[in-house]
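A look at the structure
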Amino acid sequence: MKKPGNETFARKHRNDGCGADESPTVERTAFEVDGALAMENVAYETDEASDRTGNINHGRAKVISLDRKEQLQKKRRYWVFRRAQDVVFSGAAMVMLSPLLLITALLIYIDDPKGSPIFSQIRVGRDGKEFKFYKFRSMCMDAEEKLEELLGQNEMDGPVFKIKDDPRITRIGRFIRKTSIDELPQLWNIFKGDMSIVGPRPALPREAEQYGEYERQRLYVQPGLTCYWQIQPHRNDLSFEEWMELDIKYIRERSFLVDWKIIFSTVRAVLSGQGE
């Protein structure tokens with residue numbers, strides 16, 4: 001994988017009246033993409049007196065590196081052909097995988113007949129627009145009610161909740177999560193245009209409400225079924241900040257080549273049992 005160049009960010013956080021407007025501090029950050037260590041310059045403005053990104057980054061605020069208008073105007077051909085690609089591939093996948101989809105739904109119902117095999121939830125898409133997101137149900141029916149009891153065991157920083165051995169997950173749920181089969185109903189979201197094959201994973205409204213200006217940049221594009229974060233060997237070991245950096249990195253670099261590299265890496269990760 002080609003390492004990103006030493007770009008300088010064109011825009012900075014506005015001062016907001018808190019402290020002097022100083023030059024950003026530039027750090028080298030490393031993360032694993034496609035099995036290789038990628039290095040990137042990330043700029044920060046330090047300001048101990050203020051927290052410019054709400055509840056997420058304390059003590060330092062990331063520099064805004066993307067321009068929303070520019071993102072909408074550039075690469076128009078890429079956007080058009082990518083949408084066509086999403087429709088064709090998601091439609092074909094739903095047809096070809098229909099036996100697997102039906103068998104999975106039946107097994108979920110047999111394992112836990114108290115509810116629907118399909119779980120739907122409101123998620124946040126492009127420009128903050130909310131949509132109904134679909135997955136195969138991998139948890140017990142009262143999973144949301146039990147969440148409050150488990151918040152103290154959260155193993156992720158930031159607004160995201162994840163624990164390794166979540167007691168709410170059913171027997172079939174563990175298998176379909178490990179193999180990423182639980183994500184297949186999102187092919188319908190892709191076909192409808194709520195999502196794309198590749199893009200940042202869609203956030204819950206309660207998570208997006210805690211985003212600062214830096215994190216909100218990931219809402220400039222459609223959310224996706226897979227992304228840089230999704231293909232990391234131990235993705236849940238990454239911090240929330242590293243996750244967001246990977247999403248912003250994708251938005252800056254996105255192209256058909258990058259998309260297909262991520263797609264092939266996703267297939268490899270699923271076949272090797274790296275799903276979580």
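To keep things clear, this report deals only with the structure shown in the data block. (Residues numbered from 1 in each chain as written. Predicted model: local features only at pLDDT ≥ 70, side-chain atom pairs only at ≥ 80, totals over all residues. Heavy atoms only, no water.)

**A look at the overall build of the protein**
Short version of the rule: Where helices and strands are cited, they refer to DSSP runs of H or I of at least four residues and of E of at least two residues respectively, numbered from the N terminus. Relative accessibility thresholds used throughout: buried, under 20% of the residue-type maximum; exposed, over 50%; partly exposed, between the two (1.4 Å probe, protein chains only). Note on contacts: a residue pair is in contact if any heavy atoms of the two residues lie within 4.5 Å. For the accessible areas, the method is Shrake-Rupley and the probe is 1.4 Å, while residue cover comes only from the protein chains on display.
Scanning the protein from N- to C-terminus turns up 9 helices and 7 strands. Across the 276 residues in the protein, those meeting the buried criterion constitute 47%. For the protein, restricting intrachain contacts to residue pairs at least 6 apart in sequence, the fraction spanning at least 24 positions comes to 68%. Carbon together with sulfur atoms contributes 56% to the accessible area of the protein, which is approximately 14,400 Å² in total.

**Quick word on a nonpolar patch on the surface**
Rules: Put simply, a patch holds well-exposed residues, over 30% relative accessible area, that have no salt bridge, with like charges counted together within 9 Å and Val, Leu, Ile, Met, Phe, Trp or Tyr side chains within 5 Å. We define a salt bridge as a contact between a side-chain nitrogen of Lys or Arg and a carboxyl oxygen of Asp or Glu at a distance within 4 Å.
A cluster of nonpolar side chains, I103, L106, L107, Y109 and I110, forms an exposed patch at the surface whose accessible area comes to about 510 Å². Within the secondary structure, L107 sits in helix α3 (residues 98–111). Classification of L107 by relative accessible area gives partly exposed; the value is 42%.

**Describing the layout of surface pockets**
To keep it simple, the criterion reads: With a 1 Å grid laid over protein atoms only, a set of points is called a cavity when a 1.4 Å probe fits there but cannot get out and a pocket when it is open yet has protein on both sides within 12 Å along at least five of seven lines; lining residues have an atom within 4 Å of a point. Grid points are joined across faces, edges and corners, and a volume is the space filled by probe spheres set on the points. Residue polarity is assigned by list, with Asp, Glu, Lys and Arg as charged and Ala, Val, Leu, Ile, Met, Phe, Trp, Tyr, Cys and Pro as nonpolar; anything else, Gly included, falls into the polar class.
There is about 760 Å³ of room inside the second largest pocket. Along its surface, the second largest pocket is lined by 28 residues, and L184, L225, I263, T266 and V267 are the ones closest to its centre. Mapped by element, the contributors of at least two residues to the lining of the second largest pocket are α2 (76–96), α6 (186–192), β7 (224–226) and α9 (256–271). Residues that form the lining of the second largest pocket fall into these classes: 18 nonpolar, 8 polar and 2 charged.

**A few points about unusual backbone geometry**
A positive phi angle, near 60°, is found at D127, a position not held by glycine. For D127, the location among the structural elements is in the loop between β4 (118–124) and β5 (130–136).

**Let's talk about α9**
Under the convention used in this document: In this analysis, the expected span of each helix is defined as 1.5 Å times one less than the number of residues it contains.
For α9, spanning 16 residues, the distance from its first C-alpha to its last is 23 Å, which sits close to the expected 22 Å at 1.5 Å a residue. Among the residues of α9, V258, D259, I262, I263, S265, T266 and A269 are the ones counted as buried. In this structure, the buried side of α9 is in contact with α2, β6 (196–198), β7 and α8 (240–253). Two residues or fewer after α9 comes G273, characterised by a positive phi angle close to 80°.

**Here's the deal with the pattern of salt bridges**
If you walk through the whole model with that rule in mind, you get 9 salt bridges. Between R218 and D247 there is a salt bridge, with its nearest N and O atoms 2.7 Å apart. Within this pair, whereas R218 is found in the loop between α7 (205–208) and β7, its partner D247 is found in helix α8, the two being separated by 29 residues in sequence. Both residues of the pair, R218 and D247, count as buried.

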